[in-house]
Number of protein chains: 2
Amino acid sequence: MAFVSQNNMKTKDSSRIRPGEAVELAEGERPTLKTIAFMAGLGVTTVSRALKDAPEIGQATKSRVQLIARQIGYRPNRAGVRLRTGKTNVISLVLNAQSEIMGLTSNMVYGISEVLSETPYHLTVTPYSVENDPMQPIRYIVETGSADGIIMSRTEPDDARVRYLAEHGIPFATHGRTEMGIEHPFHDFDNEAFAYKSAKSLLLKGRRKIAMMAGPTSAVTYHRHLERGFSRAIEEGDARAILVPDIDVDTSLGRIRDRTEEIMSGPNRPDGIVCCSGSAAIALVAGIEAAGLKIGKDVDLVSKQSTDVLKWFRPEIIVFNEDVRHAGRELARAVLRRIEGVDARELQSLSYPDE
Amino acid sequence: MAFVSQNNMKTKDSSRIRPGEAVELAEGERPTLKTIAFMAGLGVTTVSRALKDAPEIGQATKSRVQLIARQIGYRPNRAGVRLRTGKTNVISLVLNAQSEIMGLTSNMVYGISEVLSETPYHLTVTPYSVENDPMQPIRYIVETGSADGIIMSRTEPDDARVRYLAEHGIPFATHGRTEMGIEHPFHDFDNEAFAYKSAKSLLLKGRRKIAMMAGPTSAVTYHRHLERGFSRAIEEGDARAILVPDIDVDTSLGRIRDRTEEIMSGPNRPDGIVCCSGSAAIALVAGIEAAGLKIGKDVDLVSKQSTDVLKWFRPEIIVFNEDVRHAGRELARAVLRRIEGVDARELQSLSYPDE
DNA sequence: TCCCAAATCTGAAACGTTACAGGTAAGCTA
DNA sequence: TAGCTTACCTGTAACGTTTCAGATTTGGGA
């Protein structure tokens, strides 16, 4: 057996060495399939197949090739693969640069990376500013074919990006749901449950005039979920919803603070507030205290947070955690499986507020 | 002139149409150099050169080719370029996933993206966990040639990554300085100035027993800068430095809070604290208040922050801003220019604490 | 013994780009 | 007119991979 294999190599080797063929690796050069092919006395085709465990290659050959590959530290050249197959091995995260809700971006990135690090995929990040067309980065990716899959956030009920990607058959997953009858992978935090639980906890403290600082007004889907959960609790609790029309999570913290002071100094001030962003909560507290009121006495505050910073914040406010890192992991897994052809309906998940 | 050019096209066109050559663009196919070459009646070489404004191509041809390219929305295929030239057009951001200091990652990403968006470069992000070898992602990038340049943070005085990259001649820029005699591009916040100014401002309030919550103890370069600035102010102010050995910025917020409470309840408690992280500051405040002390009365706090959240934090603490987004922009510009061959010494910059 | 199928392996072509080593025509000089 | 230079353009090869369409060997059945 050993003899045959050696003999095999001998003949192959001599027949393969052609004058002018450089097969020795120069300093700093990376090994390619050709390198392995030469070392194993095989054709590059065989090596290529052996490395991906193709059925038409003998077991002995496979093992030998894989061993050599491991020994010389072979890694497939991404450009070669990409050029030949069209597969980029890239997942693109498309983000809004403005709507950074305290650690959202980083946790999302880390969650996604955790999953991708066990795969050949790389993560590219493409932020866009809120003034720009959100479609622009999406179109760019599709037109230039620069990713195999896309993850995006700030999903809207009727989302042009979702429609576009679905039409073009590009795998993607959204952080947040749509309401447009297109089935697609998503992961979402159950904001309805959060708003409901939050308002409930305020009711439990005897609060009856409750306001909510929700997501970007009506544009983004989760705004609707928040409203739904909030209204349900308000109705059940026979309380009153105080509407604060002109601020939302996208508003600058300074303006949130000022507007809060104004409202809390007015005649119709709430005695409980539900807030869906950690940083906004800090600005709310500043506004409340500027109005001369005391948290826990005059008004109670419940907030969602995606880092644990608010946990240490004084005065104490009730917090529900949204695990964005987990969302990142879920979204990454979803796009990957979508790329593999798994049905979109199997790639939809929700996570629940966690006190 | 027009006639000549038309004639030119005619002959070229007919000589170029070979049976079996598919030149029409199928549905959803992207145009390539070949597409343009066919449309313009030129060779692909000429088109390639015309698009990059090479001197050996006639002005009329250049304009014509560029017009066609624009009209049909031609974008060079990255895999083709990468395979042929070895240039990836990728900048890789290598980050520590744990040391997220409130918005650091996202601002860094956005700053870098702002600069890259005007170039053909894409940004990939590679986080690594603190338990893992920080060299691992760096080695991976170098071995697989997956980026033209690297940006990394958490720079150490004697940084193995810097040595490795310098040896391999890979362009990179660091957020933070080294002390190893290797000239390389960096951008750094002047932490010495920050610590000095911070301690000074506490001295100005009459504080004389001052503690500092610095960066990861001694590992990271900026720790030294903080200590230097801090000590200088302490000496000048004839004050006393209170050492708190077992906590730093990497410590969990819960532990920071607990340890702070302990220290502030002890006999040798500081009356002023300099803190170099926004989120740590919030935990510090929690600890201080847990010890029954009042900020502004029993103790004053100065902190660095990289978002504007602390600005709205109550009780009021003195804040200096580190503009991480600006750092991202600077770092991106630095790597790009380094890739172009600019001398490293011209790509080193510092930014100053901004009240 | 011969033939056929199965099991392995093979080279050539192609993906889109750029570098190399020319080629051709026009215009100028002598 | 011949010869040279300049301006402009050309095809071919190569980067590393996978796919296609065979080629070779082996073993078994007739």
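So, here is what we can say about the structure in this document. (Residues numbered from 1 in each chain as written. Chains lettered and ligands numbered in written order. Predicted model: local features only at pLDDT ≥ 70, side-chain atom pairs only at ≥ 80, totals over all residues. Heavy atoms only, no water.)

**What to know about the sheet that holds strand E7 (residues 240–242) of chain B**
Residue and element names in this part refer to chain B. Reading across the sheet, the five strands line up as E7-E6-E8-E9-E10 and stay open at both edges, with parallel pairing between neighbours. The open sheet terminates on both sides in strands that have one partner only, identified here as E7 and strand E10 (318–321). Mean inter-strand twist for the sheet, computed between neighbouring axes without regard to direction, equals 20 degrees. Bridge count between strand E8 (residues 272–275) and strand E9 (residues 300–305): four bridges; the pairing is parallel. Paired with valine 274 across the bridge in E9 is valine 302. (Pairing = 2+ DSSP bridges. Helix = DSSP H or I, 4+ residues; strand = E, 2+ residues; numbered from the N terminus. Axes fitted to C-alpha atoms, helices over the stretch in contact; angles between N-to-C directions.)

**A few points about the protein's contact with DNA strand C**
Neighbouring residues of DNA strand C: 27 residues in total, closest Thr46 and Thr61 of chain A together with Ser48, Tyr74 and Arg84 of chain B. Sugar plus phosphate, as a fraction of atoms of DNA strand C within 4 Å of the protein: 60%. At a separation of 2.7 Å, a phosphate oxygen of DNA strand C approaches a polar side-chain atom of lysine 52 of chain B. Backbone polar atom of asparagine 77 of chain B to a phosphate oxygen of DNA strand C: 3.0 Å apart, as the coordinates give it. At four residues, the largest contribution of residues to the surface near DNA strand C is made by helix H5 (residues 78–85) of chain B. Across the surface near DNA strand C, the residue classes break down as seven nonpolar, 12 polar and eight charged. (Near = heavy atom within 4 Å. Polar contact = N/O pair within 3.5 Å; in protein donor to acceptor, adjacent residues only side chain to side chain. Nonpolar A, V, L, I, M, F, W, Y, C, P; charged D, E, K, R; others polar.)

**Let's talk about the packing of helix H7 (residues 135–144) of chain A against helix H8 (residues 160–168) of chain A**
Residues and elements named next belong to chain A. It is at 10 Å that the axes of H7 and H8 come closest, and there the two elements cross at 10 degrees. When the axes of H7 and H8 are compared, the pair comes out roughly parallel. Here H7 runs over H8; the crossing is right-handed. Contact with H7, carried on its side by Met135, Ile138, Arg139, Val142 and Glu143, involves Ala160, Arg161, Tyr164, Leu165 and His168 of H8 and no other residues of that element. (Parallel < 35°, antiparallel > 145°, perpendicular 65-115°, else oblique. Left-handed = near helix turned anticlockwise from the far one by under 90°. Contact = heavy atoms within 4.5 Å.)

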